[in-house]
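Understanding the architecture of this molecule
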Amino acid sequence: MRHNVTAAIGADICCGRFPPGTVLPRESDLCETYGVSRTVIRESLKVLETKGLVRGRPRVGTLVSDRSEWNVLDAQILEWMGPDVLSAELLGSILEARRTVEPAAAFLAAARATTQEIADLERACDEMRAAEGDLEAFTAADTRFHETLLRASHNKVFHQLSSIIHAALSHALHASNRASPRREEALGVHRDLVDALRLRDGARAEACSRNILDLAARDLSGLMNTTGDT
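So, a few notes on the structure that sits alongside this text. (Residues numbered from 1 in each chain as written. Predicted model: local features only at pLDDT ≥ 70, side-chain atom pairs only at ≥ 80, totals over all residues. Heavy atoms only, no water.)

1. Let's talk about helix α3 (residues 38-50)
Along an α-helix, residues three or four positions apart point the same way, because every turn accommodates 3.6 residues. Taking 1.5 Å of rise per residue, 13 residues should cover 18 Å, and α3 covers 19 Å from first to last C-alpha, within 8% of that figure. Of the residues making up α3, those classed as buried are Val40, Ile41, Ser44, Leu45 and Leu48. Projected down its long axis, α3 carries its buried residues within an arc of 130 degrees, all on one side. Counted as exposed and oriented over 90 degrees from the buried face of α3: Lys46 and Thr50. (Helix = DSSP H or I, 4+ residues; strand = E, 2+ residues; numbered from the N terminus. Expected span 1.5 Å × (residues − 1). Buried < 20%, exposed > 50% of the residue type's maximum accessible area, 1.4 Å probe, protein only. Arc of directions from axis to C-beta.)

2. Observations concerning the pairing of strand β1 (residues 54-57)
Regular strands show a simple pattern: their side chains alternate between the two faces of the sheet. Examined bridge by bridge, β1 and strand β2 (residues 61-64) share four bridges and lie antiparallel to one another. The residue of β2 that forms the bridge with valine 54 is valine 64. In sequence, β1 turns back onto β2 through a hairpin of three residues, with arginine 59 there showing a positive phi of about 65 degrees. (Pairing = 2+ DSSP bridges.)

3. Comments concerning the pattern of salt bridges
One pass over the structure, following the stated rule, counts 17 salt bridges. With a closest N to O distance of 3.0 Å, arginine 99 and aspartate 214 form a salt bridge. A residue pair is termed long-range when its members are at least 10 positions apart, and arginine 99 in helix α5 (residues 88-112) and aspartate 214 in helix α11 (residues 202-229) qualify at 115 residues. Overall, the relative accessible area of 33% leaves arginine 99 in the partly exposed class. Since its relative accessible area comes to 40%, aspartate 214 is described here as partly exposed. Across the pair glutamate 185 and arginine 218 runs a salt bridge whose closest N-O atoms are separated by 3.1 Å. Residue glutamate 185 is located in helix α10 (residues 184-198), and its partner arginine 218 is located in helix α11; the two are separated by 33 residues in the primary sequence. What makes glutamate 185 partly exposed here is its relative accessible area of 32%. (Salt bridge = Lys/Arg side-chain N within 4 Å of Asp/Glu carboxyl O.)

4. Re the environment of glutamate 69
Take glutamate 69: it is sitting in the loop between β2 and α4 (75-81). With 11 residues separating them along the chain, glutamate 69 and proline 58 place their C-alpha atoms 19 Å apart. The contact partners of glutamate 69, leaving out residues within four places of it in the chain, are Lys51, Gly52 and Arg55. Engagement of the side chain of glutamate 69 in a polar contact is seen with the side chain of arginine 55, the distance being 3.4 Å. (Contact = heavy atoms within 4.5 Å. Polar contact = N/O pair within 3.5 Å; in protein donor to acceptor, adjacent residues only side chain to side chain.)

Structural data, given as structure tokens:
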């Protein structure tokens, strides 16, 4: 029950029913709205506070936080945001982070990736090709590719990032893959990166990673322009 109420309040915050800067209704009113006890409401608000959506203020109540304070890497928040996850600002921020991290990870992976990790990357490419007509399956394989690449760098921070940014990466890849008219081009640059890793060519691997991100930027730009025209 608590998880359902947490999701309901979180979704209401993310959709703007309770805008940033406003104070949530009193506990008694929330109990009536969501049909649960005060204990459930309090537990749900604690969860939402850990996600940065709200914060308690003495003698004021529970204040909805500014969007800049929300943990936008949280899988539940991304789900509650719904179509808003396709905002240019958020997708642009994710792409900027990837441009900083992934080419460096690719360069390191050229020297450090195990034979098994390279095989896992190639398998992800095979799954992308097999799922080309299925956006969800294609994106799932694409996400596995990029998470495996971060782990293959054998950099402890990058390895941790592969888990932290999973949800955001999946949403960003889904958006760019949906926007791409032909996924064969994306598949080609992913395979080029695998070849560079197999040859232990760090400079080429880094360049291939940048090519992948350039394609993502191009496709996302087209998506946002289309969204803006509607």
